[in-house]
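In case you want the letters, here they are:
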Amino acid sequence: MSIDNGQELEQFLTEHPQTELLELLIPDMNGMLRGKREPRGEFAKIFAAGVNNCASTTLLDSKGQTFTYVDYGGADGDPDAIGVVVPGSLAPVPWASRPTAQALLTMRERDGAPHFADPRNVLARAVQPLSDMGLTPVVATELEFYLVDDDAGQVLPRAARIPGTGLRQEGAQYATLDDLQEVDPFLHELAEVCRAQNLPAGAALAEYAPGQFEVNLHHVADVALACDHAMLLKRAVKAVARKHGMAATFMAKPFAEYAGSGLHVHLSLLDDRGQNVFAGQSRDGDFSDSLRHAIGGLLQAMSESMAILAPNANSYRRLQPQLYVPMTPNWGINHRSVAVRVPLASGASSRFEYRVASADANPYLVMAAIVAGVHHGLSRRIEPGTPVREGEVLEEEEITLPRYWEAALTAFEKGALLPGYLGEHYHQVFARCRWEERDRFNAAVSDQDYQWYLRGA
C-alpha cells in the first residue's frame, strides 16, 4: 500500500517548525472523535506508511466501549487496521498547551481496501451511485449547540445576563445580538481557530433558546470534506469554550424546557458540466423536476434513516411538536416546519435543506443516508407529493416518523433501501451495535428512577 502525503507534511513543518505532537483523529459510529497522539519522531513514518490502529475504534458505544453483539473488538482479538492520513486535513491545534498538529485518519485493511466500518468509507460507498451518474453533490452543514454553565452542580444553559446585573435573561431571545456580544470573546477566538484550521465557518446566530447558538459552514463540492468540516468544527467549539471557562454540547436535547439542537444539511447537485441540475422550473416552483424527484427519494428513505439521524436515547427527546423539528416526511417551499425545505433560491443556488438530523448524529452517516435518498429518487423519478406552501399553517402536526429509539431501530433493520448504499454488512453491524447500546442505556438505573419510584415502591 503506497501513501504519499510527505509533501503536505513537509510544507506544514516549514510553516510550523516548532510542532512537537500530532493528534490523529477518527470518528466512530456515534460521530465522536477517537484517536491517539504521536511524537515528532513518528510524523514522517505515519505520512509515508500510515499507522496501526485498532479496527474496533470505529465501532464503539457512546461510552467508548466495544460491543458484545458483534465480533469486533472482543471475540476477534481486536486486530489493527491501517490509519491513513486524509489529505488536506493536517492543521495546527491553536488551543493546545504545546505546539501540536491534528490530522484525520481513514481506515484501510492491510491490502489497502477500505475498512468497512469507517464512516468515511461508508459515505464513499453511498455517494458512488451519484458519481456514476456524473453528478457531484455540493453540500454545507449548519450545527446548533449550547454553551453551558455549572451552577451548584446543576447544568444550565449559559443565558445572557441583563446588562449591569447578574440576572439571567429569560426567554428564547432568538437572533438577539446582545447574546452574541456577551460571548464575543469566545466567538472571536473560534473564528480565529477556524481560519487556522481551514474550516470555512460563516455566520454565527443566537438560536431559539438561551445559550443556544448556530455556526454555518460554507458549501463545498466534496461530501466527505463537508463532513470533515462539521466534525472538526464541533471539536473546535468544545475546545475554545473550555478555554473560556464554559462547556459546549451538541446533545440533541440537553434541556427539557428548551429547543433541541439540529444538524441541517444544504445540498445542490452539479452535472459533469458544472451545471446545477436542481435549477429550472417545475409545476411546484422555481426549481427542476430533478429536485422534486430527489426530495421524493429523501422522503421515502426517511423512516428507515431515523436510526442514523437520531443515534441515541437523548436524540429522541428532541422529537417534539411545535419546535421546528420535523415529525413526518414532508417538504415545502420557504417553510421551516417541514423535513425537507426548499429555500428561496434559484438558478445556481437551487438546493434543498434537510432538517431532520440532530446535532449529535455522525455527519458522515447522515450524509450517506441523504445521498442514498437523492439517488433513489432521481433514478426512479419518485414523486414527492404536494408541498407545504409558503406561509401555510400546519395546525395539527402529523407524527409518522419513528419517534422512539426502538421504533427507529426496527424501521432501520427492516428497511430495504439503505443496505444497498451503506453495504449490507455495515447495515447489519450498525443495527446490532445500536440495539446493544439501547439495551445498555435502558439497563442503567437513573436519578429519575430514584425520584419517581424509590420512596413509593
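The notes below deal with the structure included here. (Residues numbered from 1 in each chain as written. Predicted model: local features only at pLDDT ≥ 70, side-chain atom pairs only at ≥ 80, totals over all residues. Heavy atoms only, no water.)

Description of the state of the cysteines
Here is step 1: For the structure shown, the criterion picks out zero disulfides.
Here is step 2: The thiol of cysteine 194 is unpaired, and the distance to the nearest cysteine sulfur, on cysteine 227, comes to 16 Å.
Here is step 3: Residue cysteine 194 is classed as buried on the basis of its relative accessible area of 2%. (Disulfide = S-S within 2.5 Å. Buried < 20%, exposed > 50% of the residue type's maximum accessible area, 1.4 Å probe, protein only.)

Overview of unusual backbone geometry
Here is step 1: At asparagine 334, a residue that is not glycine, the phi angle is positive and equals roughly 55°.
Here is step 2: Considering the arrangement of structural elements, one finds asparagine 334 in the loop between strand 13 (331-333) and strand 14 (340-342).
Here is step 3: A relative accessible area of 22% places asparagine 334 in the partly exposed class.
Here is step 4: Its identity is not glycine, yet arginine 381 carries a phi of approximately 50°, on the positive side. (Helix = DSSP H or I, 4+ residues; strand = E, 2+ residues; numbered from the N terminus.)

Examining the nonpolar core
Here is step 1: Among the nonpolar cores identified, the biggest contains 107 residues, and Phe186, Val340, Phe352 and Tyr354 are the most heavily contacted of them.
Here is step 2: Counting residues in each nonpolar core, the second largest holds 18 residues, with Leu24, Phe43, Ala55 and Ala81 among its members. (Core = buried A, V, L, I, M, F, W, Y, C linked by side-chain atoms within 4.5 Å.)

Quick notes on helix 11 (residues 424-443)
Each α-helix turn comprises 3.6 residues. Residues three or four places apart therefore point the same way.
Here is step 1: Taking 1.5 Å as the rise per residue, helix 11 with 20 residues should run 28 Å; its terminal C-alpha atoms sit 29 Å apart, in good agreement.
Here is step 2: The complete set of buried residues in helix 11 reads Tyr426, His427, Val429, Phe430, Ala431, Cys433, Arg434, Trp435, Glu436, Glu437 and Arg438.
Here is step 3: Looking at the packing, one finds that the buried side of helix 11 touches helix 3 (119-132), helix 7 (289-309), helix 8 (363-380), helix 9 (405-414) and helix 10 (419-422). (Expected span 1.5 Å × (residues − 1). Contact = heavy atoms within 4.5 Å.)

Some thoughts on the pattern of salt bridges
Between side chains of opposite charge, a pair can form as their charged atoms come close.
Here is step 1: For the coordinates displayed, the defined rule picks out 19 salt bridges.
Here is step 2: Across the salt bridge formed by glutamate 189 and lysine 243, the nearest N and O atoms sit 2.8 Å from each other. Taken together, the positions of glutamate 189 in helix 5 (residues 184-196) and lysine 243 in helix 6 (residues 223-243) put the pair 54 residues apart, joining distant regions of the chain.
Here is step 3: Arginine 273 is the salt-bridge partner of aspartate 271, the closest N and O atoms lying 3.3 Å from each other.
Here is step 4: What makes aspartate 271 buried here is its relative accessible area of 15%.
Here is step 5: Here arginine 273 falls in the exposed class, since its relative accessible area comes to 65%.
Here is step 6: Via salt bridges that share partners, Arg283, Asp284, Asp289, Arg292, Glu383 and Arg389 belong to a single interconnected network. (Salt bridge = Lys/Arg side-chain N within 4 Å of Asp/Glu carboxyl O.)

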